[in-house]
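Here is how the chains run, residue by residue.
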Amino acid sequence: MVIDIHVHTRHMPGPNRPGTDQTYATPEQLIEMYDEVGIDRAVILPGVNPECSHHIQSVQDVLQICEMHPDRFIPFCNVHPRQVKNTPDADLGHLLRWFKDAGCRGIGEVTANMPFDDPYVENLFHHVEEVGLPLTFHVATQEGGAYGLVDDLNLPRFERAVQKFPDLVFLCHSQAFWSEISADVTEENRAGYPEGPVVEGGTAAELILNNDNVYGDLSAGSGFNAVSRDPEFGWWFLEEAQDKLLFGTDVCAPKNRSDVLINLKNFLDESLSDGKITQQVYDKVIGGNAVRLLGL
Ligand SMILES: [Zn+2]
């Protein structure tokens, strides 16, 4: 079973991203793309955060899409830390429990552009931990002109959240997370796709290997880069963290056919056929870990 842990779609595609001819893929376009490359099911992450979405989506829209294609799509919910009351003690659990009862298996992609240790964000973490859903997040390197939870080089704020919310499962994603796979990441390249050999001891690798509640979402160019920029390291890491890594694409538009839809899938398929990773590792990363984590 091949499961995409990270995708975005809209019933009604809506306006294009400013300055481009692209907008979100429809569920039907996604299914066509998935059939081409052999992806069975996908987790839809609702775009509720104004920092990221060029137009906003409701969780109910995602639930409806999943109801129309129950064998293909799995719903996550999403809640902005300022929702409900715009206070750091708002009862976000009220929303989360409703979404969970409606079938949502997790929350994300959290792209609110606030620091990891902001009281509003900690309130969200607290309620998500209590309700018991895994949480997918994007990391930003700055406030303003960016989207995602803000952290510094080497992710000290995220690391404190991992300790402070030990029962909250984090699905880590984005350039500023995966650039930390290598210990030589710098302030200059942490928001991008650093190339070349991985230096042992990177924060991302350490966090995943040493904490039960930290998982790696391998979607997008960032996750693909983390395991493929230095293939020897990538194969070692896939073996070591085989229970903690999840295949994903982060398709955001029909044009993603040529990149994120196929890059990681091809890398994993070739690594398996060349004997660089075992069938067991492949099966877990490509879908088995998602089945276990989300209780599918
Ligand atoms: Zn995404």
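Residues numbered from 1 in each chain as written. Predicted model: local features only at pLDDT ≥ 70, side-chain atom pairs only at ≥ 80, totals over all residues.

Structural notes on the environment of L124
Point 1. Looking at the secondary structure, you find L124 in helix α4 (residues 119-131).
Point 2. Classification of L124 by C-beta neighbours within 10 Å gives buried; the count is 27.
Point 3. For L124, the residues in contact, after removing those within four places along its chain, are V79, P81 and L92. (Helix = DSSP H or I, 4+ residues; strand = E, 2+ residues; numbered from the N terminus. Buried ≥ 20, exposed ≤ 12 C-beta atoms within 10 Å, placed from the backbone. Contact = placed C-beta atoms within 7 Å.)

Quick word on the sheet that holds strand β1 (residues 3-7)
Point 1. Strand order in this open sheet of three strands is β1-β2-β3, and the pairing throughout is parallel. One side of each edge strand has no neighbouring strand; the edge strands of this open sheet are β1 and β3 (73-75). On average, each strand axis in the sheet is tilted by 25° relative to the strand beside it, whichever way the strands run.
Point 2. One ladder, built from three bridges, connects β1 with strand β2 (residues 41-44); its direction is parallel. Counterpart to D4 in the pairing with β2 is A42. (Pairing = 2+ DSSP bridges. Axes fitted to C-alpha atoms, helices over the stretch in contact; angles between N-to-C directions.)

Quick look at unusual backbone geometry
Point 1. The step from G108 to E109 runs through a cis peptide bond, and the omega angle for that step is 5°.
Point 2. Within the secondary structure layout, E109 lies in strand β4 (residues 107-110).
Point 3. Non-glycine residue N154 carries a positive phi angle of around 75°.
Point 4. Summarising the element assignment, N154 is placed in the loop between β6 (149-150) and α5 (156-164).
Point 5. What makes N154 partly exposed here is the crowd of 16 C-beta atoms within 10 Å.
Point 6. The phi angle at D250 is positive, at roughly 65°, despite the residue not being glycine.
Point 7. You can call D250 buried: it has 27 C-beta atoms within 10 Å.

So, α4
Point 1. For α4, which comprises 13 residues, the first-to-last C-alpha distance of 18 Å matches the rise-based estimate of 18 Å (1.5 Å per residue) to within 8%.
Point 2. Here α4 has its buried residues at V121, N123, L124, F125, H127 and V128.
Point 3. The elements touched by buried residues of α4 are α3 (93-101), β4, β5 (135-140), β6 and α5.
Point 4. Immediately beyond the C-terminal end of α4, within one or two residues, lies G132, with a positive phi of roughly 85°. (Expected span 1.5 Å × (residues − 1).)

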